[in-house]
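# A structural walkthrough
What follows is each chain in one-letter form.
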Amino acid sequence: MHGLTQLEAKQEIGALIAACKRENVFCACIMHGHGKHILKQQTPLWLAQHPDILAFHQAPKEWGGNASLLLLIETQEHIRR
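In this report, we go over the structure that sits alongside the text. Everything numeric here is computed off the predicted structure, so don't read it as measured data. (Residues numbered from 1 in each chain as written. Predicted model: local features only at pLDDT ≥ 70, side-chain atom pairs only at ≥ 80, totals over all residues. Heavy atoms only, no water.)

Residue placement: His32 occurs in the loop between β1 (27–31) and α2 (38–49). The class for His32 is buried, based on a relative accessible area of 7%. The residues contacting His32, other than those within four sequence positions of it, are Met1, Leu39, Lys40, Thr43, Asn66, Ala67, Ser68 and Leu69. (Helix = DSSP H or I, 4+ residues; strand = E, 2+ residues; numbered from the N terminus. Buried < 20%, exposed > 50% of the residue type's maximum accessible area, 1.4 Å probe, protein only. Contact = heavy atoms within 4.5 Å.)

And the structure:
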């Protein structure tokens, strides 16, 4: 999300979640970066409010470490189980 405004970043996150739901992808990684910590602080707040996010956590070092979050997304496959 490097270089995006807060509004653009929020829209991109929404689009990512929608695409994951369409494709039945239940795990995704968001790289918010380091920067001025604005997106790093806002991203968890946005995710906590989204009804399709089951959980999120800081990514391990191999996936971006403290500049990334892993998401668990509710998909149709989860609902059927």
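What follows is about the layout of surface pockets. Estimates place the volume of the largest pocket at around 210 Å³. Lining the largest pocket are 14 residues, and of these Gly3, His32, Gly35, Lys36 and Leu39 lie nearest its centre. Broken down by class, the residue content of the lining of the largest pocket amounts to four nonpolar, nine polar and one charged. (1 Å grid on protein atoms, 1.4 Å probe; cavity = no way out; pocket = protein on both sides within 12 Å on 5 of 7 lines; lining within 4 Å. Points joined across faces, edges and corners; volume = space filled by probe spheres on them. Nonpolar A, V, L, I, M, F, W, Y, C, P; charged D, E, K, R; others polar.)

According to the stated counting rule, one finds one salt bridge in the structure shown. Asp52 is the salt-bridge partner of Lys21, the closest N and O atoms lying 3.5 Å from each other. Here the residue Lys21 occupies a position in helix α1 (residues 6–22), and Asp52 occupies one in the loop between α2 and β2 (53–58), the gap between them amounting to 31 residues. On the accessibility criterion, Lys21 (23% relative accessible area) is partly exposed. (Salt bridge = Lys/Arg side-chain N within 4 Å of Asp/Glu carboxyl O.)

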